[in-house]
Amino acid sequence: MRRLMLLRHAKTETDAPSGRDQDRRLDHRGQRDAAEMGDWMAAHPPVPETVLVSHAVRARQTWDIAWEAMKDRVAAPKVEILPELYGADPAQILETIRTATIPANPKQLLLVGHNPGMHEAALMLTGGGDQASGKALADNLPTAGLAVLDFDVKDWGDVAYRRGKLVLFVSPKLLRLG
């Protein structure tokens, strides 16, 4: 069994001072939401053994703040910054899942990236699972939204579209409502 967690970066400023999209930073709400999601992940194991993060500032900040909220309660994962996750489409995300985890082959993998690719990948990887989560995820993977999928495989190389079981979809907004 392998568990995949797809986390969209948290809420950002509209424009970066540099004018470059990849330099946009988290705004105040984004910082709060990233910490809230890190706290949630630490309280709901299993936690990621490997984390693959887009090189964009907002994705790195999302992970750094989430990790800050988790670090005193869980083992430190292996973290890799991957430029190819910036603007990745579902095919690129699937390829990253299949190859970037070699040779470690962790049981729990977290990707921190961007829409529309992360949302589309979550939908394409899902082949069943929790219907309420599926309905909530159908329209959007919001900022700081987390989709958790289980795959009945021994190796990440065997992950494929429609093979994942959606275990849970959670977001800061859903946590506040629930």
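None of these values were measured; they are calculated from a predicted model. (Residues numbered from 1 in each chain as written. Predicted model: local features only at pLDDT ≥ 70, side-chain atom pairs only at ≥ 80, totals over all residues. Heavy atoms only, no water.)

> Hey, could you go over the pattern of salt bridges for me, with residue numbers and the actual values?
Pairing is possible between side chains of opposite charge, provided their charged atoms come close. Tallied over the entire structure, the rule returns 12 salt bridges. Across the pair Asp33 and Arg176 runs a salt bridge whose closest N-O atoms are separated by 3.5 Å. Of this pair, Asp33 sits in helix α1 (residues 28–43) while Arg176 sits in helix α6 (residues 172–177), and the two are 143 residues apart along the sequence. Each of Arg29, Arg32, Asp33, Glu36 and Arg176 takes part in one network of salt bridges that share partners. (Salt bridge = Lys/Arg side-chain N within 4 Å of Asp/Glu carboxyl O. Helix = DSSP H or I, 4+ residues; strand = E, 2+ residues; numbered from the N terminus.)

> Hey, could you go over the sheet that holds strand β4 (residues 108–113) for me, with residue numbers and the actual values?
On the basis of which strands lie adjacent, the open sheet formed by 7 strands has the order β3-β2-β4-β1-β6-β7-β5 and mixed pairing. The sheet terminates laterally at β3 (78–82) and β5 (126–129), the two strands that pair on one side only. Across the sheet, the axes of successive neighbouring strands diverge by a mean angle of 25°, strand direction being ignored. Sheet topology places strand β1 (residues 2–8) next to β4; 6 bridges connect them, and they run parallel. Within the sheet, the bridge partner assigned to Leu4 lies in β4 and is Leu109. (Pairing = 2+ DSSP bridges. Axes fitted to C-alpha atoms, helices over the stretch in contact; angles between N-to-C directions.)

> Describe the environment of Leu146, with residues and values.
Locating Leu146 in the fold gives a position in strand β6 (residues 146–151). Look at Leu146 and you get buried, because its relative accessible area is 1%. With 22 residues separating them in the primary sequence, Leu146 and Met124 have C-alpha atoms 15 Å apart. Non-local contacts of Leu146, meaning those with residues more than four positions away in its chain, are made with Met5, Leu6, Leu7, Met37, Trp40, Met41, Leu110, Leu141, Leu168, Phe169 and Val170. (Buried < 20%, exposed > 50% of the residue type's maximum accessible area, 1.4 Å probe, protein only. Contact = heavy atoms within 4.5 Å.)

> Pulling in residues and values, what's your account of α1?
Under the 1.5 Å per step criterion, the end-to-end length of α1 is 23 Å for 16 residues, consistent within 8% with the ideal 22 Å. Those residues of α1 that fall on the buried side of the exposure criterion are Gly30, Asp33, Ala34, Met37, Gly38, Trp40, Met41 and Ala42. Looking at the buried positions of α1, the neighbouring elements they touch are β1, α2 (57–70), β4, β6, β7 (164–170) and α6. Regarding α1, its N-cap is Asp27, as a side-chain oxygen of that residue lies 3.1 Å from the backbone nitrogen of Arg29 further along. (Expected span 1.5 Å × (residues − 1). Polar contact = N/O pair within 3.5 Å; in protein donor to acceptor, adjacent residues only side chain to side chain.)

> Residues and numbers for the nonpolar core, please.
Formed by 26 residues in total, the largest nonpolar core has its most connected members in Leu4, Leu6, Ile93, Ile97, Leu111, Leu125 and Val159. Mapped onto this core, the elements with two or more residues apiece are β1, α3 (90–99), β4, α4 (117–125), β6 and β7. The element best represented in this core is α4, accounting for 4 residues. Sequence-distant contacts of Val159, that is, excluding residues within four places in its chain, are made with Leu94, Ile97, Arg98, Leu125, Phe151 and Val153. Membership of the second largest hydrophobic core comes to 24 residues, among which are Ala10, Ala34, Ala59 and Ala144. (Core = buried A, V, L, I, M, F, W, Y, C linked by side-chain atoms within 4.5 Å.)

> Mind laying out the packing of aromatic side chains, listing which residues take part and the relevant values?
Counted under the stated rule, the structure contains 1 aromatic pair. Measuring from centroid to centroid gives 5.9 Å for Trp63 and Trp67, while their planes differ by 25°, and the two rings are stacked. Residue Trp63 and its partner Trp67 are both found in helix α2; the two are separated by 4 residues, about one turn of the helix. Look at Trp63 and you get buried, because its relative accessible area is 4%. (Phe/Tyr/Trp six-rings, centres within 6.5 Å; stacked < 30°, edge-to-face > 60°.)

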